[in-house]
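Below, each chain spelled out in residue letters.
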Amino acid sequence: MKLLTHNMLTSHVKGVTKGYPLLIKATEVKVSEEEFNPNFVSRMIPKLEWSALVQAADGLGHLQDLPTELIADYEANEDFLRKVHRVLLEVEVLEGCLQCPESGREFPITRGVPNMLLNEEEA
Amino acid sequence: MASSCRRPEHMAPPEIVSIIIFFNERITSRMIEIQSQMSERAVELLNLPEDQSCFLLDVGCGSGLSGDYLSEEGHYWVGVDISTAMLNVALDRDVEGDLVLGDMGEGMPFRAGTFDGCISISALQWLCNADKKTHSPPKRLYTFFSTLYSSLARGARAVFQLYPENSEQLELITSQAMKAGFSGGMVVDYPNSTKAKKFFLCLFAGVSANLPKGLGTESADKGVPSQVQFTGQRSRFKNMKGKSAKKGKDWVLEKKERRRRQGREVRADTKYTARQRRPHF
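Residues numbered from 1 in each chain as written. Chains lettered and ligands numbered in written order. Predicted model: local features only at pLDDT ≥ 70, side-chain atom pairs only at ≥ 80, totals over all residues. Heavy atoms only, no water.

Here is the rule: UniProt positions are given in the numbering used here, feature names are shortened, and annotations may be inferred rather than shown by experiment.
Chain B carries the name 18S rRNA (guanine-N(7))-methyltransferase in an unreviewed UniProt entry, which gives Esox lucius as its organism. The Catalytic activity (unreviewed entry) comment attached to chain B in UniProt states, word for word, "a guanosine in 18S rRNA + S-adenosyl-L-methionine = an N(7)-methylguanosine in 18S rRNA + S-adenosyl-L-homocysteine". Under the heading Sequence similarities (unreviewed entry), UniProt records this for chain B: "Belongs to the class I-like SAM-binding methyltransferase superfamily. BUD23/WBSCR22 family."

As recorded in an unreviewed UniProt entry, chain A goes by Multifunctional methyltransferase subunit TRM112-like protein and comes from Esox lucius. Regarding chain A, the UniProt comment filed under Sequence similarities (unreviewed entry) reads as follows: "Belongs to the TRM112 family."

As structure tokens, then:
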């Protein structure tokens, strides 16, 4: 699960109002190289919850030099876009779980795939 | 197994059927080709901005065949599937997209406005069957469509390739989609060919647009509806008084026209068409 996907995932359990952001408890993380696409990164930035991204990256120990506040005029700032690219697309959680901030319910992650299947009562 | 293969959703829940199919059938290159073609058509119907890498959702992504096409086109995607077995195959095939194990009938677990578009190849019909006593297909369809609607960016589309069982099922699906806020409708490619006919449910989130035209429908745009035309032809052959219906020039010309409507390649009609040949033929 890449951090881009994590930034979009929420708990959809019935009755939960604040199922975002899911807390990452990782036991295995992988960093791989991905082709840098500045246009894509630039277009994704407005869709991101910046604080959730920073919190997730920090929790995994991969925050490095990513700014904690979104800077203005990022479209032309290649240096900044590269930092975002790294955090969004190159850091992957392989094993662990995602925890709902409201209920504490855990969604396990296996081989990088989060299990979002609900129980009978939760649907 | 053979008779229920045409409607795998009648055999068992999707996560079981996918395992059975995977181990019992050879995944032929033809099957892969068909999946790829349908994915290509679905992306075409998405009408994404040209030369732009988008963030897409693949519902019922399975082993990632459709996802591979999305990656080929330079898009980033997230795939959702209910079958661990199929997702494991996708992982082994090293697909580029991120995978999520989830049940579409429980809702899409994504924030509002996440995706630039959504495709789904041969997955929607699974929602129309109740695999558990507690399942209500209309409710699951609505849960799916309403959460999908919110997870799509404004102006995004969702394209579903499906094999509808009957018109009631199609009605149910489209009505729940409309209830969830979508506009759009069905696009049918090659409607006159049983073999090539494909259904695509094309939904628009937030904007209304003209429904794209189905492929192979141009020649059907005539003033007279084709059904009435055919009825006339049938009774004419019945009145032929013992002469073979298959040999006349009219029959040959009609047959060629029929094949053209099916989208096949047919030689042009010339003065030699259906001419009487010398007896040695």
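Re the interface of chain B and chain A
Threshold: Residue contacts are defined here by distance: any two heavy atoms, one from each residue, within 4.5 Å place the two residues in contact. For any pair of parts, buried area is found by adding up, for both, the accessible area (1.4 Å probe) each one loses once the two are put together. Salt bridge, as applied in this entry: a Lys or Arg side-chain nitrogen positioned within 4 Å of an Asp or Glu carboxyl oxygen. Polar contact is the term for a pair of N or O atoms within 3.5 Å; when the atoms are in protein, one must be able to donate a hydrogen and the other to accept it, and sequence-neighboring residues count only if both atoms are side-chain atoms. Helix and strand definitions here come from DSSP, where helices need a minimum of 4 consecutive H or I residues and strands a minimum of 2 consecutive E residues; each element is numbered from the N-terminal end. Note that Gly is not counted as nonpolar here; it falls among the polar residues with everything else outside the nonpolar set of Ala, Val, Leu, Ile, Met, Phe, Trp, Tyr, Cys and Pro and the charged set of Asp, Glu, Lys and Arg.
The interface is formed by 30 residues belonging to chain B together with 30 residues belonging to chain A. With both chains or domains summed, chain B and chain A bury close to 2,500 Å², and 53% of this area falls on carbon and sulfur atoms. It is Tyr76, Glu106 and Arg111 of chain B that lose the most area in chain B upon contact with chain A, and together they represent 28% of the buried surface on that side. At the boundary of chain B with chain A, the tally comes to 4 salt bridges. The partner of Arg111 of chain A in a salt bridge is Asp92 of chain B, with the nearest N and O atoms 2.7 Å apart. Our enumeration of links across chain B and chain A arrives at 18 residue pairs in polar contact (both at pLDDT 80 or more). Secondary-structure elements contributing two or more residues to the side of chain B that touches chain A are β2 (76–81), α4 (84–92), β3 (98–101) and β4 (115–121) of chain B. Of the residues that constitute the side of chain B that touches chain A, the class distribution is 14 nonpolar, 8 polar and 8 charged.

Some thoughts on the sheet that holds strand β7 (residues 198–204) of chain B
Pairing between the strands of a sheet comes from backbone hydrogen bonds, and it takes one of two forms, parallel or antiparallel. Residues and elements named next belong to chain B. Short version of the rule: Whether two strands pair comes down to DSSP finding at least two bridges between them. Fitted lines through C-alpha atoms give the axes, limited to the stretch in contact for helices. The angle between two N-to-C directions lies from 0 to 180 degrees.
In space, the 7 strands of this open sheet follow the order β3-β2-β1-β4-β5-β7-β6, with mixed pairing throughout. Strand pairing shows two members of the sheet lacking a second neighbour, β3 and β6 (183–189), which therefore form its edges. Going across the sheet, the axis of each strand differs from the next one's by a mean of 20°, ignoring polarity. Relative to strand β5 (residues 152–162), β4 runs parallel, the two being bridged by 6 bridges. If you follow Gly117 over to β5, its bridge partner there is Arg157. Relative to the sheet, helix α2 (residues 29–46) contacts β1 (55–59), β4, β5, β6 and β7, its axis offset from that of β4 by approximately 145°.

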